[in-house]
Amino acid sequence: MTAPVTAWLAEQQGAMLALLEELVNIDSGSYDKAGVDAVGERLRRFFEEQGVPTSAIRNEAYGDVLKAHASGGGGGNKPIVLMGHRDTVFPKGEAARRPFRIEGGRAYGPGVCDMKGGLVLNAFVLAAYHRFGGAPAPLIGLFTSDEEIGSPACRPVIEETAREARAVFNSEPGRPSGNVVTGRKGGVFMRLEVFGKAAHSGGNYAEGRSAIGELAHKIAALHAVTDLERGTTVNVGLVAGGQSVNTVAPHAEAQIDLRYVTPPDRADAMARIEAVVNGATVPGTSARLEIKGEFYPLVQDEGSRRLFEAYRAAMGELGLAVEGEFAGGCADSGFTASVGCPTICAVGPVGGRAHSPEEYLEVASLAPRAQAMALAIAGLGR
Ligand SMILES: [Zn+2]
């Protein structure tokens with residue numbers, strides 16, 4: 001039943017590259033609403049040409065959410081979601097500085113693998129099933145806008161879509177090895193403020209309460225929460241504070257990044273972090289902790305394991321081997337897995353060096369990875 005779908009996808013490599021070139025050459029940093037929406041508009045036009053209905057969920061601050069609704073067999077079945085984010089980490093002007101190019105079988109340009117290649121792959125799989133039918137369930141393309149900054153606007157949409165879905169394929173870049181991702185760390189991004197008391201450092205030193213002095217103790221204690229064997233890390237990545245060189249610092253702050261593997265690891269680490277925040281080594285100081293953003297971990301449950309097995313069988317049909325890897329980086333797949341929806345991540349085209357000028361995508365992986373996804377979708381009907 002999937003023969004026409006995979007045969008059509010095999011012929012689309014050129015069309016896929018053409019669309020990828022257009023998407024890469026549109027700047028779409030997370031805070032560039034116009035750019036992220038322009039990428040969405042280009043995808044919307046692609047779906048219009050393919051006859052695939054779309055809908056949008058408007059957002060004031062960040063890019064709108066674009067959904068594509070491809071028809072599939074198995075009416076009444078819970079939909080299968082193909083997910084991807086349209087935003088990148090790159091500033092405006094980056095695409096003009098180093099536009100899309102192909103060299104030695106690799107494509108380059110901002111966001112080429114993270115994850116405009118995945119967007120293109122999802123779009124073509126949706127179009128193929130819409131054209132030829134045969135999917136075991138309706139297919140939804142979910143094109144989000146703010147993943148690189150923790151999905152503040154899209155997270156509720158992602159969770160709601162996943163709650164009603166049968167499975168989620170998240171097309172982050174395939175690992176350089178060609179493997180997919182079956183586990184990801186969770187992350188908590190926090191701001192710590194420390195309050196002390198200002199005093200002249202020459203005249204009234206003893207009356208001061210140094211917030212910087214207290215923060216120094218707290219940083220050492222926070223880093224000590226790290227447990228590499230357990231996969232828990234705490235990084236104080238930014239610090240600021242003080243008023244002048246001759247003032248005992250009344251204020252200091254730090255930004256903290258916690259990464260962990262399972263929800264109980266998060267609870268343990270947060271309890272220890274809160275104890276550090278609430279304790280004071282410098283008498284008379286106080287502190288406040290605020291969670292600024294958070295990604296949930298992708299923990300492989302039974303449903304996600306079965307989804308991976310369907311994907312592995314699909315790759316096998318193409319004569320390709322694939323394993324599941326664990327990744328320390330966070331992604332929207334953590335949100336979909338955390339609401340209980342079977343999830344597989346990094347099923348996009350193979351690539352590497354994301355978030356750097358050396359970011360690349362293996363051109364030859366575009367069509368086969370699209371075929372693998374199509375076959376895995378078909379496999380969910382068996
Ligand atoms: Zn990404």
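Residues numbered from 1 in each chain as written. Predicted model: local features only at pLDDT ≥ 70, side-chain atom pairs only at ≥ 80, totals over all residues. Heavy atoms only, no water.

> Residue-level account of the overall build of the protein, with values.
Helix and strand counts for the protein come out as eleven helices and 18 strands. In terms of C-alpha radius of gyration, the protein reaches 23 Å, essentially the compact-globule figure of 21 Å for 382 residues. The dimensions of the protein, computed from C-alpha atoms along their principal axes, are 85 × 45 × 40 Å. A total of 382 residues make up the protein; the buried ones form 53% of that total. Looking at the protein alone, contacts between residues at least 24 apart form 80% of all its contacts between residues at least 6 apart. Only carbon and sulfur atoms are counted for the fraction: they give 52% of the accessible area of the protein, which is about 15400 Å². Here the protein contributes 37 positive and 44 negative side-chain charges, whose respective centroids are spaced 1 Å apart. (Helix = DSSP H or I, 4+ residues; strand = E, 2+ residues; numbered from the N terminus. Rg over C-alpha atoms; globule rule 2.2 N^0.38 Å. Buried < 20%, exposed > 50% of the residue type's maximum accessible area, 1.4 Å probe, protein only. Contact = heavy atoms within 4.5 Å. Areas by Shrake-Rupley, 256 points an atom, 1.4 Å probe, with all protein chains shown as cover. Lys, Arg positive; Asp, Glu negative; His and termini not counted. Charge placed at Lys NZ, Arg CZ, Asp CG, Glu CD.)

> Can you break down the sheet that holds strand 18 (residues 360-362) residue by residue, with the values?
Within the open sheet, the four strands sit side by side as 4-5-18-17. Their pairing is antiparallel. At either end of the open sheet lies a strand with only one pairing partner, and these are strand 4 (101-103) and strand 17 (351-352). (Pairing = 2+ DSSP bridges.)

> Report on the side chain of Lys 116, specifying residues and quantitative values.
Counting through the fold element by element, Lys 116 comes out in helix 5 (residues 112-132). The charged side chain of Lys 116 is buried without a salt bridge, its nearest counter-charge being Asp 27 at 6.8 Å. (Salt bridge = Lys/Arg side-chain N within 4 Å of Asp/Glu carboxyl O.)

> Please give an account of the packing of aromatic side chains that cites residues and values.
Considering all chains together, one arrives at eight aromatic pairs under this definition. Taking the centre distance of 4.8 Å and the plane angle of 40 degrees together, the rings of Phe 46 and Phe 124 count as tilted. Here Phe 46, found in helix 3 (residues 33-50), pairs with Phe 124, found in helix 5; they are 78 residues apart in sequence, far enough to count as distant. Like Phe 124, Phe 46 is buried. Aromatic side chains Phe 47 and Phe 143 sit 5.6 Å apart centroid to centroid with 55 degrees between the ring planes, which places their arrangement in the tilted category. Remark: Phe 143 occurs in strand 6 (residues 139-144) and Phe 47 occurs in helix 3; sequence separation between them is 96 residues. Accessibility classification places Phe 47 together with Phe 143 in one group, the buried group. (Phe/Tyr/Trp six-rings, centres within 6.5 Å; stacked < 30°, edge-to-face > 60°.)

> With reference to specific residues and values, describe helix 1 (residues 3-10).
Of all the residues in helix 1, the buried ones are Val 5, Thr 6, Trp 8 and Leu 9. Along the axis of helix 1, the buried positions cluster into a sector of 160 degrees, meaning they face one direction only. Turning to helix 1, the residues buried within the fold contact helix 2 (13-24), helix 3, helix 5 and helix 11 (366-379). (Arc of directions from axis to C-beta.)

> Quick one: what's the story with the environment of Ala 370, residue by residue and with numbers?
Of note, Ala 370 is situated in helix 11. Sequence separation of Ala 370 and Gly 117 is 253 residues, and the distance between their C-alpha atoms is 10 Å. Among residues more than four places away in sequence, those in contact with Ala 370 are Leu 9, Met 16, Leu 121 and Val 125.

> Lay out the coordination of the zinc ion in plain terms, naming residues and giving numbers.
Any two of four tetrahedral donors ideally make an angle of 109.5 degrees at the metal, while pairs among six octahedral donors ideally make 90 or 180 degrees. Only His 85 (NE2), Asp 114 (OD), Glu 172 (OE) and Glu 172 (OE) from the protein reach the zinc ion as donors, at distances of 1.8 to 2.6 Å. Classification of the site at the zinc ion rests on its four donor atoms, whose angles at the metal span 53 to 146 degrees, yielding the label irregular. Counting the intervening residues between successive donors of the zinc ion yields the motif H-x28-D-x57-E. Taken together, the residues Asp 114 in helix 5 and Glu 172 in the loop between strand 7 (167-170) and strand 8 (180-184) connect sequence positions 58 residues apart. (Donors = N, O, S within 2.8 Å, 3.2 Å for Na, K, Ca; no water. Tetrahedral: all angles 85-135°; square planar, octahedral: opposite > 155°, others 65-115°.)

> Kindly report on unusual backbone geometry, identifying the contributing residues and their values.
The residue after Asp 114, namely Met 115, is reached through a cis peptide bond having omega -10 degrees. Relative to the helices and strands, Met 115 resides in helix 5. Notably, Ser 151 is not glycine yet its phi reads approximately 55 degrees, a positive angle. With respect to the helices and strands, Ser 151 occurs in the loop between strand 6 and helix 6 (155-163). According to the relative accessible area criterion, Ser 151 is buried, its value standing at 1%. At Arg 353, a residue that is not glycine, the phi angle is positive and equals roughly 55 degrees. Assignment of secondary structure puts Arg 353 in the loop between strand 17 and strand 18.

> Talk me through the nonpolar core; I want residue IDs and the actual numbers.
Counting 61 residues, the largest nonpolar core has Leu 43, Phe 169, Tyr 311 and Ile 377 as its most contacted members. It is helix 5 that contributes the most residues to this core, twelve residues altogether. Beyond its immediate sequence surroundings of up to four residues, Tyr 311 is in contact with Phe 169, Val 180, Val 322, Ile 344, Val 347, Arg 369, Ala 372, Met 373 and Ala 376. Formed by 20 residues, the second largest nonpolar core is a distinct cluster that contains Leu 215, Leu 258, Met 270 and Val 277. (Core = buried A, V, L, I, M, F, W, Y, C linked by side-chain atoms within 4.5 Å.)

> Which residues make up the sheet that holds strand 9 (residues 186-195), and what values go with them?
With respect to topology, four strands assemble into an open sheet ordered 11-13-9-14, the strand pairing being antiparallel. On the outer flanks of this sheet lie strand 11 (233-241) and strand 14 (286-295), each paired with one strand and no other. Between one strand and the next, the sheet's axes are offset by a mean angle of 20 degrees, whatever the strand orientation. Here strand 9 pairs with strand 14 via nine bridges, running antiparallel. (Axes fitted to C-alpha atoms, helices over the stretch in contact; angles between N-to-C directions.)

> I'd like a description of the environment of Asn 235, backed by residues and values.
Topologically, Asn 235 is positioned in strand 11. In the structure, Asn 235 is positioned twelve residues away from His 223 in sequence and 6.4 Å away in space, judged by C-alpha atoms. Not counting the four nearest positions on each side in its chain, Asn 235 is found in contact with His 223, Gln 255, Ile 256 and Asp 257.

Function cannot be inferred from these measures alone, as they are strictly geometric.
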